[in-house]
Amino acid sequence: METYHAGSRTMQDRAGVRELADHVGQIIGQGIKPVAAAFLELQPLLILGAADPATGRVWASPLTGTPGFVRATGPHQISITGATRPTDPLTPALTEAQDLPVGTIALDPRTRRRMRVDGQLRCTTRGLAIEAERVFANCPKYIQRRESYETVADGEPARPRRDTELTRAQASFIEAADTFFLATVHEHGADTSHRGGNPGFVQATSPHELTWPDYAGNAMFLSLGNLLTDPRAGLLFLDWTTGTTLQLTGEARPEFGQNGERRVRFTLTEVIETPTALPLRWSAPEYSPANPTPAR
C-alpha cells in the first residue's frame, strides 16, 4: 500500500506541505516493533473503526479489557481477546469477519501517547486478529492527560438508544467533550484517528450536524484525505467519568476558509447512546497546552 493516496495528496498540496508529509510519512511501517508491542500490552482501551459490510455505514467502536487483551502475536499481527459489546453496531460484522479493512488507535491518556494500527481483521476462536499493513505513532498534540483510571467490575451497559437526530442532552454532551475518535475509509482500507481540544471545540449546529476545526497536525492528512474521496465517517465520544458512549455515523466533508483555516462539517445519519457502556473511569483531565481556545 502506498503511503498516501490522491485525497491525502490533494490536501497536502492545498496546505503546501507535501515535502513535509513525505518526510513525516517515513514513520509509517508495516512491522510492529518491540516498543510498539510493549505499549499495546499496557492499554485497557482500543478504538476500532470500519465500514459495516451489511449497511456501508462507518462506525468507531470501543473495545476494552484487562491490559494484555491487545497484544502483538507476530511482527505483523495483533490479537484481541474478546470482542465488542453485543449491542455495538460493528459486532455482527466482527463476529464473521475475514479480511475486513479496519483502522485502530490505542491512546494512553496517562502518558499522552497514541499508536495506530491499520490492516485486515479476521475473527478467530479467541477473539480477533489484525494483519497489520500500517503501524505508526503520533505526537502528543491535543491529547488531554488523565493520570489514572479505575475499572468498575460490576457494571453492565444499559440498553442503547438509537435515533436519527441528536437530543439536546446529546448535543450538550458533545459540546462538553475534549476528545473524540474519527473513523474514515478509503479504497484500500480504513483509519481511526484522535481529535482533541478544549471543551467547545466541537459544535452541534443542529440536531443533524456537527462541525469542528481541523487543527494543525502532522501534515499527513490521512483522515481528511480519506474524507475527500469517501465522505463516510464514524465518530465516538466517551464520557471518561461514567463510561457512557455516543457513537455517530454519517458523512463528513472538509471546508476551507480564509488564511488556510479548515473545518469539518459532519451530517448525521444515526446516533447510538449507550449509558455505562465501558467499565473504565478516568481521572479529571489536564488539557493539552497545544489546544487552541475554541472560537464561539
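Coordinates for the structure precede this section.
Here the structure is a predicted model, which is why all the values come from computation and not from measurement.

Concerning the side chain of Thr249
Mapped onto the fold, Thr249 is located in strand S15 (residues 245-256). The exposure class of Thr249 is buried, given its relative accessible area of 2%. Polar contacts involving the side chain of Thr249 include one to the main-chain carbonyl oxygen of Val58, which spans 2.6 Å. Apart from the residues within four sequence positions on either side, Thr249 is in contact with Arg57, Val58, Trp59, Ala233, Gly234, Phe266, Thr267, Leu268, Thr269 and Glu270.

What about the sheet that holds strand S6 (residues 113-123)?
Within the open sheet, the seven strands sit side by side as S2-S1-S5-S6-S7-S4-S3. Their pairing is antiparallel. What marks the edges here is a single partner per strand, and that holds for strand S2 (58-64) and strand S3 (70-74). Strand-to-strand twist of the sheet, defined as the mean angle between neighbouring strand axes without regard to direction, takes the value 35 degrees. For strand S4 (residues 77-81) and strand S7 (residues 127-138), the ladder comprises five bridges, and the chain directions are antiparallel.

A closer look at the pattern of salt bridges
Enumeration according to the criterion identifies 14 salt bridges in this entry. For Asp178, the salt bridge goes to Arg146, with nearest N and O atoms at 2.9 Å. Here Asp178 is found in the loop between helix H5 (168-175) and strand S10 (179-186), whereas its partner Arg146 is found in the loop between S7 and strand S8 (149-151), with 32 residues between them in sequence. Judged by its relative accessible area of 7%, Asp178 is buried. For Asp230, the salt bridge identified is with Arg232, shortest N-O distance 2.8 Å. On the basis of relative accessible area, Asp230 is assigned to the buried category, the value being 16%. It is possible to trace a salt-bridge network through shared partners that takes in Arg57, Arg162 and Glu270.

Conventions we followed
- Residues numbered from 1 in each chain as written.
- Predicted model: local features only at pLDDT ≥ 70, side-chain atom pairs only at ≥ 80, totals over all residues.
- Heavy atoms only, no water.
- Helix = DSSP H or I, 4+ residues; strand = E, 2+ residues; numbered from the N terminus.
- Buried < 20%, exposed > 50% of the residue type's maximum accessible area, 1.4 Å probe, protein only.
- Polar contact = N/O pair within 3.5 Å; in protein donor to acceptor, adjacent residues only side chain to side chain.
- Contact = heavy atoms within 4.5 Å.
- Pairing = 2+ DSSP bridges.
- Axes fitted to C-alpha atoms, helices over the stretch in contact; angles between N-to-C directions.
- Salt bridge = Lys/Arg side-chain N within 4 Å of Asp/Glu carboxyl O.

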